[in-house]
Amino acid sequence: MSKIQNAVIGSVRTVIGWVPAGWLPGGAPDPLIERRAAIGSQASRLDGPLKVAGQARFAAEVVMERLCHAALVHSTVTRGRLARMDTQAAEAAPGVIMVVTYRNMPRVGPLPLMGMADLSAVGNSSLPILQDAQVRYNGQVVAAVIAETQDQADHAASLIQVDYEREPARTVFEEAKAHARTPASVLIEKNHVSVGNAERELISAPHSVDNVYRTPGQNHNAIELHTVTAAWEGESLVVHDTTQMVAPSASALAKLFGLKKEQVRVLSPFVGGGFGGKGLWDHQIVAVAVARMIGRPLRVTLSREGVYRIIGGRSPSEQRVAISADAAGKFSALVHTGYSVMPPYGACPEQYTMGSRALYDAGSFEIVQRHVDLDIVPNTFMRAPGEAIGTFALESAIDELAHGMGMDPIELRLHNIAERHPLSGTPFSQHALKQAFDDGARRFGWERRRTTPATRREGEWRIGMGCATGSFPYVRMPGANVSITLRSDGTATIACSAQEMGMGTATVQAQHAADRLGLPIEAITFELGDSALPAAPMAGGSSQTVSIAGAIAAGAEKLTLELLRLAGNASPVAGLRPSEVRLTAGGIASTSDPARNESYRSILARAARDAVTITAAGSAPLEMFKFAMHSSSAVFCELRVSDVTGEVRVDRLLGSFDCGTILNPKTAASQFRGGMIMGLGLALMEETLFDERSGRIMNATLADYHIPAHLDVPQIDVMWTGIPDPRSPLGARGIGEIGVTGVAAAVANAVFNATGKRVRDLPITLDKLLTE
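Residue numbers run consecutively from 1 along every chain, following the written order of its sequence. In keeping with the predicted nature of the model, local features appear solely for residues at pLDDT of at least 70, side-chain atom pairs appear and are counted solely at 80 or more, and the whole-chain, interface and lining totals rest on all residues. Only hydrogens and water are set aside when side-chain values are computed; all heavy atoms of the structure are taken into account.

**Looking at the overall build of the protein chain**
Link 1 in the chain: Secondary structure elements follow DSSP: runs of H or I no shorter than four residues count as helices, runs of E no shorter than two count as strands, and numbering proceeds from the N terminus. In terms of helices and strands, the protein chain carries 20 helices and 31 strands.
Link 2 in the chain: For 772 residues, the compact-globule estimate of 2.2 N^0.38 gives 28 Å, and the protein chain sits close to it at 27 Å.
Link 3 in the chain: The C-alpha extent of the protein chain, read off along each of the three principal axes, is 85 × 75 × 55 Å.
Link 4 in the chain: A buried classification covers 61% of the 772 residues belonging to the protein chain.
Link 5 in the chain: Pairs at least 24 residues apart make up 81% of the contacts formed inside the protein chain by residues separated by at least 6 positions.
Link 6 in the chain: Note on areas: these come from Shrake-Rupley sampling with a 1.4 Å probe, and a residue is covered only by the protein chains present in the view. Summed over its atoms, the accessible surface of the protein chain is roughly 28,900 Å², and 53% of this surface lies on carbon and sulfur atoms.
Link 7 in the chain: His is not counted here, nor are the chain ends, while Lys and Arg score as positive and Asp and Glu score as negative. Where a charge sits is defined by one atom per residue type, namely NZ (Lys), CZ (Arg), CG (Asp) or CD (Glu). Here the protein chain contributes 73 positively and 77 negatively charged side chains, and the mean placements of these two sets differ by 3 Å. C-alpha atoms define the radius of gyration, and 2.2 Å times the number of residues to the power 0.38 defines the globule rule. The cut-offs for exposure are 20% and 50% of the maximum accessible area for each residue type, with area from a 1.4 Å probe on protein chains only; residues under the lower value are buried, those over the upper are exposed, and the others partly exposed. Throughout, a residue-residue contact means that at least one pair of heavy atoms, one from each residue, lies within 4.5 Å.

Below is the structure:
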């Protein structure tokens, strides 16, 4: 995050801007947009039967001989030094093999932090791991107990006694703001953007709002706990992990432990939810190092509390959003500034201003984020990082402005939707947000909303409607590789190290490969979750589907060339160039004369081959620099608020999405609904209770950290425009995170419509509605 990065990215965008679109990836629409069979069908999850039958093997279920288990001991102070650590009772406890502290932990360096400087880096924290007596945050690992069983390890860990020499710690958000840092960039975007004089426009405009919105920290709560099973076989390492970065983790572990890449194998065929939290953390490093020490396989499974202690989550934020408009409702100024936590040893900013940069036109802009340094476990990405909380602030402010102007909030939004990127002037690759609003409002029955708040009620319940816009950028990661093996029996295997965290990766890519190769989906096998396969990038930023799709498309081109070579002069397709044929109906055929064709079986038989295998990499994602590419949504909410208890009951949610081609309506609807449920948690209940006196998370269990349960989730309707993006593989954009964005604001705006009370601090709990 530097000025040099800003200069490099800016130069790339300038150069790419001069290059004709037809010369770049996505210069011509993917031909599969117009001719598809499996893509767009409601195929059921290929891994569904395995999971229902209990045959899908997760990292905690790997069977190994002489497997032992670890329990971690966490610091109970925020800053200081270990003054005394008594491990004798633990070492004498039944089944204990070893107690590991900084005194006997092997020397390992810090993990390189993930970021633009090193796209292969996966570290969430650069802090040392059991390397010294220093305590740097409350919950830090200070010891590990290794035993024959998990129960024995847990019991022995409870016997360790620790005394600390406490040191002053930074734990108060408000105090730390005075020393906040202003980074040069946030992800790949320049941080501070100033266009015109927004503060002056705010003063002179006939209509304006200017408020502060606050969101709490949140913790990851994937249903599958973080688990790693590490085993050394001589100088080779095998790791079974719950990770959303299979190949990058293998590469990082090889560097950290002085191994060659081929000596490390990371396996993760199934992951029970990731959401940004299943990266490389302290427990994996401890497991690998200690397994080597004791010469036995070792499993570390974090307790639920352990996840809260050493796995980062969403950062708290304080955001100022100010918007002014002229008499016709056109925005003359948009200000979005604020603070979030990102300690210098962390890697993951909370990019809450990104939506404000791309959604709406305004005469002037003032946008900047500041990082607050606190002594905490480093925060990490959490589903729709930044955009989830940023859209709450932005879309609440727009609702407030619409109310003050006496204008319908949808009308105000549509009046200001950008036709090109508001800051760069870059054209959108495809943008149908207006259609998403029109379609959603019609289905939801927006016309029944009362414009005057607190005027609709049924008994003790006040009823209201609200809406909001959601946004999430398109990302296609570099470094996606696949192998394609085509066999003479008409079957094919696609393989790469990609991650399956419940999104339906294997299913959707099998559908894609079926259409790309001209085979039935039943003939396709998709292998993933193994670093020994061609490397795929991490799954994050709603990027995995298009990243792998780009690699498969490149592979199909390479396979076509190889098939034409193997076909030889005796083939009906002899003399044709790759651009003159396509893979279809179990073979290769001329595009201009489909009668000139030959089956794969025939080509391979003539070449005396049982199979042909190619490996290919996706093209550089230059379309991201040529065009503004975003998934967007219109979110609608209807709810009730009790006059007696203040409780909020959401009755209906509707999400209308513009995300390009929907590759599988069944899995997509699940993704959208899952995201919207997380948005409900953000709006109404999720909150990490951080004690600023001690620096400790106080609600580190699911009994105290509330997430939506079945009775909290209403009827959720999802719909989409289905308009392909002509610049992306398959015409698709990401759908994994867009469902979260906009939901919190839609709920907050519905609460205002129901009660006349504006809540600007999440979550919206009953005490905030009962207080006058």
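Let us keep going from here.
**Some details on the sheet that holds strand 17 (residues 365-372)**
Link 1 in the chain: Strand order in the open sheet formed by 5 strands is 9-17-16-15-10, with mixed pairing between adjacent strands. Edge positions in the sheet fall to strand 9 (193-195) and strand 10 (207-215), since each has one partner strand and no second. Averaged over all pairs of adjacent strands, the angle between strand axes in this sheet comes to 10 degrees, irrespective of strand direction.
Link 2 in the chain: Pairs of strands are assigned from DSSP output, requiring at least two bridges between the strands. Where strand 15 (residues 317-325) meets strand 16 (residues 331-341), 9 bridges bridge the pair, whose relative direction is antiparallel. Bridging from a neighbouring strand, A322 pairs with V335 of strand 16.
Link 3 in the chain: Axis definition: a line fitted to C-alpha atoms, over the contacting stretch in the case of helices. Angles run 0 to 180 degrees between N-to-C directions. Sheet strands in contact with helix 11 (residues 387-405) are strand 10, strand 15 and strand 16, and its direction is about 150 degrees off that of strand 10.

**Side note on the packing of aromatic side chains**
Aromatic rings considered in pairs are described by the distance between their centres and by the relative angle of their planes.
Link 1 in the chain: The pairing test for Phe, Tyr and Trp rings, Trp by its six-membered ring, is centres within 6.5 Å, and the orientation test on the planes gives stacked under 30 degrees, edge-to-face over 60, and tilted for anything in between. One pass over the full model with this rule turns up 10 aromatic pairs.
Link 2 in the chain: An angle of 85 degrees between the planes, with centres 6.0 Å apart, marks the rings of Y213 and F392 as edge-to-face. A residue pair is termed long-range when its members are at least 10 positions apart, and Y213 in strand 10 and F392 in helix 11 qualify at 179 residues. Each member of the pair, Y213 as well as F392, is classed as buried.
Link 3 in the chain: Through a chain of ring-to-ring contacts, the aromatic side chains of F437, F444, W446 and F636 assemble into a single cluster.
Link 4 in the chain: Comment: the charge-over-ring label is applied if NZ (Lys) or CZ (Arg) is within 6 Å of the ring centre and within 35 degrees of the ring normal. A cation over a ring is seen here: R640 above W461, with NZ or CZ 4.7 Å from the ring centre.

**Concerning the domain arrangement of the protein chain**
Link 1 in the chain: As annotated, the domain borders come from an automatic or database domain assignment. Domain annotation of the protein chain identifies domain 1 (35-56 + 476-620), domain 2 (66-168 + 223-273 + 278-310) and domain 3 (185-218 + 314-475 + 625-770).
Link 2 in the chain: A straight line from the C-alpha centre of domain 1 to that of domain 2 covers 38 Å.
Link 3 in the chain: Each partner contributes to the interface: domain 1 provides 19 residues, whereas domain 2 provides 17 residues.
Link 4 in the chain: At the boundary of domain 1 with domain 2, total buried surface from both sides reaches about 1,400 Å², with 63% on carbon and sulfur atoms.
Link 5 in the chain: When the buried area of domain 1 at its contact with domain 2 is split by residue, M501, S531 and M538 rank highest and sum to 38% of it.
Link 6 in the chain: In what follows, salt bridge is the name for a side-chain nitrogen of Lys or Arg lying within 4 Å of a carboxyl oxygen of Asp or Glu. Taken together, domain 1 and domain 2 are joined by 1 salt bridge.
Link 7 in the chain: We call two N or O atoms a polar contact when they sit within 3.5 Å, provided that within protein one can donate a hydrogen and the other can accept it, with sequence-adjacent residues counted only if both atoms are side-chain atoms. Across the domain 1-domain 2 interface, the total number found is 6 residue pairs in polar contact (both at pLDDT 80 or more).
Link 8 in the chain: The residue classification treats Ala, Val, Leu, Ile, Met, Phe, Trp, Tyr, Cys and Pro as nonpolar and Asp, Glu, Lys and Arg as charged. All others, Gly included, are polar. A per-class count over the side of domain 1 that touches domain 2 returns 10 nonpolar, 5 polar and 4 charged. As used here, buried area is the combined drop in accessible area, with a 1.4 Å probe, of two parts when they are placed together.

**Regarding the nonpolar core**
Link 1 in the chain: One finds I323, F636, L639 and V747 to be the most contacted residues of the largest nonpolar core, which totals 81 residues.
Link 2 in the chain: Counting residues per element, this core draws most heavily on helix 11, at 10 residues.
Link 3 in the chain: Once residues lying within four places of it in the same chain are set aside, the contact partners of V747 are C637, L639, L680, A683, L684 and I764.
Link 4 in the chain: Among buried residues, those of type Ala, Val, Leu, Ile, Met, Phe, Trp, Tyr and Cys that are joined through side-chain atoms within 4.5 Å constitute a nonpolar core. Among the nonpolar cores identified, the runner-up in size contains 54 residues, and A70, M114, V246 and L256 belong to it.

**Overview of the environment of A133**
Link 1 in the chain: One can find A133 in the loop between strand 3 (96-100) and strand 4 (134-135).
Link 2 in the chain: The exposure class assigned to A133 is buried, which follows from its relative accessible area of 3%.
Link 3 in the chain: If near-sequence neighbours (up to four positions away) are discounted, A133 is found in contact with G80, R81, L82 and Y102.

**Brief notes about the packing of helix 14 (residues 505-517) against helix 15 (residues 544-567)**
Link 1 in the chain: It is the contact of helix 14 with helix 15, at a shortest axis distance of 10 Å, that shows an interaxial angle of 30 degrees. By the angle class used here, helix 14 and helix 15 are roughly parallel. Helix 14 and helix 15 meet at a crossing whose hand is right-handed. In this structure, helix 14 uses T505, V508, Q509, H512, R516 and L517 to contact helix 15, whose residues at the interface are Q544, T545, I548, A549, I552, A553, A556 and L559.
Link 2 in the chain: Residues that form the contact of helix 14 with helix 15 fall into these classes: 8 nonpolar, 5 polar and 1 charged. The scheme is simple: roughly parallel for angles under 35 degrees, roughly antiparallel for over 145, roughly perpendicular for 65 to 115, oblique for anything else. Left-handed is the label given to a crossing in which the near helix is rotated counterclockwise from the far helix by less than a right angle, and right-handed is the label when the rotation is clockwise.

**Structural notes on the sheet that holds strand 11 (residues 227-233)**
Strand pairs in the sheet, formed through backbone hydrogen bonds, run parallel or antiparallel to each other.
Link 1 in the chain: The 7 strands are arranged 3-5-1-14-11-12-13 in an open sheet whose pairing can be described as mixed. Of all strands in the sheet, those bounded by a partner on one side alone are strand 3 and strand 13 (264-267). Going from strand to strand, the sheet's axes swing by 20 degrees on average, the running direction of each strand aside.
Link 2 in the chain: Across 3 bridges, the pairing between strand 1 (residues 68-74) and strand 14 (residues 298-301) is parallel. Within strand 14, the position partnered with C68 by the bridge is L298.
Link 3 in the chain: Together, strand 12 (236-241) and strand 13 form the strand contacts of helix 7 (residues 246-256), whose direction differs from that of strand 13 by roughly 145 degrees.

**Re the side chain of T391**
Link 1 in the chain: Relative to the elements of secondary structure, T391 occurs in helix 11.
Link 2 in the chain: Non-local contacts of T391, meaning those with residues more than four positions away in its chain, are made with S396, T469, G470, S471, T741, G742 and A745.

**Some points on the pairing of strand 14**
Link 1 in the chain: As paired elements, strand 11 and strand 14 share 4 bridges and run antiparallel to each other. Along strand 14, the bridge assignment pairs V228 with V300.

**Looking at a nonpolar patch on the surface**
Link 1 in the chain: Like charges are joined within 9 Å and nonpolar side chains (Val, Leu, Ile, Met, Phe, Trp, Tyr) within 5 Å, but only among residues with over 30% relative accessible area and no salt bridge; these make up the patches. Judged by side-chain polarity, I4, V8 and V12 come together as a nonpolar surface patch covering roughly 260 Å² of accessible area.
Link 2 in the chain: Relative to the assigned elements, V12 resides in helix 1 (residues 3-18).

**Considering helix 13 (residues 433-444)**
Link 1 in the chain: Each residue after the first adds 1.5 Å to the expected span of a helix. The end-to-end C-alpha distance of helix 13 is 16 Å, a good match for the 16 Å that 12 residues give at a rise of 1.5 Å each.
Link 2 in the chain: Along helix 13, the residues that are buried comprise L433, A436, F437, D439, G440, A441 and F444.
Link 3 in the chain: Those residues of helix 13 that are buried are in contact with helix 12 (409-416), strand 19 (461-473), strand 27 (630-642), strand 28 (648-658) and strand 31 (715-720).

**Observations concerning the state of the cysteines**
Link 1 in the chain: Criterion for a disulfide: a pair of cysteine sulfur atoms at a distance within 2.5 Å. Under the defined criterion, the tally for this structure stands at 0 disulfides.
Link 2 in the chain: Free cysteine: C659, not disulfide-bonded; nearest cysteine sulfur from C467 at 17 Å.
Link 3 in the chain: Judged by its relative accessible area of 1%, C659 is buried.

**Observations concerning helix 8 (residues 282-294)**
Link 1 in the chain: Taking 1.5 Å of rise per residue, 13 residues should cover 18 Å, and helix 8 covers 18 Å from first to last C-alpha, within 8% of that figure.
Link 2 in the chain: For helix 8, the tally of buried residues reaches 11 of 13 residues, placing the bulk of the element in the interior.
Link 3 in the chain: Regarding helix 8, the residues found buried are D282, H283, Q284, I285, V286, A287, V288, A289, V290, A291 and I294.
Link 4 in the chain: Looking one or two places after helix 8, you find G295, whose phi comes out positive at around 70 degrees.

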